[in-house]
Amino acid sequence: MTSSDRSNRPEIRRTSRSLPIALLRARETVMGPIREMLAQSGINEQKWRVLRVLDEEGPMEQTALAARACLLLSSLTRILKTMEGEGLLSREADRADRRKSIVSVTDKGRGLIRTHLPEAEALFAALTARYGAERMEELLDLLEELHGLEG
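Keep in mind it's a predicted model, so treat the numbers as computed, not measured.

Scoring rules and cut-offs
- Residues numbered from 1 in each chain as written.
- Predicted model: local features only at pLDDT ≥ 70, side-chain atom pairs only at ≥ 80, totals over all residues.
- Heavy atoms only, no water.
- pLDDT = per-residue confidence, 0-100.
- Helix = DSSP H or I, 4+ residues; strand = E, 2+ residues; numbered from the N terminus.
- Buried < 20%, exposed > 50% of the residue type's maximum accessible area, 1.4 Å probe, protein only.
- Pairing = 2+ DSSP bridges.

Caption draft 1: Molecular detail of the confidence of the model for the chain. Considering every residue of the chain, the mean pLDDT works out to 91; 94% of them sit at 70 or more. Across the chain, element-level confidence peaks in helix α3 (residues 45-57) with a mean pLDDT of 96 and bottoms out in helix α1 (residues 3-8) with 64.

Caption draft 2: Inspection of unusual backbone geometry at higher detail. For cysteine 70, which is not glycine, the phi torsion reads 55 degrees and is therefore positive. Mapping cysteine 70 onto the fold places it in the loop between α4 (62-68) and α5 (73-85). The exposed category is assigned to cysteine 70, whose relative accessible area is 61%.

Caption draft 3: Structural context of the pairing of strand β3 (residues 101-105). Strand direction decides the pairing type here: strand β1 (residues 60-61) and β3, joined by two bridges, are antiparallel. Following the sheet pairing, glutamate 61 is matched in β3 by isoleucine 102. As judged from the five bridges shared by strand β2 (residues 89-93) and β3, these two strands associate in the antiparallel manner. Its bridge partner being in β3, leucine 89 is matched across the sheet by valine 105.

Right, dumping it as structure tokens:
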């Protein structure tokens, strides 16, 4: 690319200050150690999110679960089938609307969460110690605010 080509293109933010790239780098900083932790049990981060949401909020309909676990509904459907086969959750027809499924975590799924919870909490505590508790809370607040800008 010649210097005249560069001068004719619109100004664009450098990738080192690009929000999408910064978010991806931050995600890898957080998720890398979590993936390593979960590999011990043979589950991935998507299954972990599903288990965590169900454990925290209780049984729920698949569409709500997909939204809370940050998964596409089509992906969640495939994941649930696998997790049900592994005995980590159960599904039953919604009594009010038989077309919908209500998903629940099983004792085996809760056991998996309990197994990893101390290490997951230690990972978050280490990150918070390095970053600072106040800054961590501010970051989480800013990310929630950013998420709220949807639609």
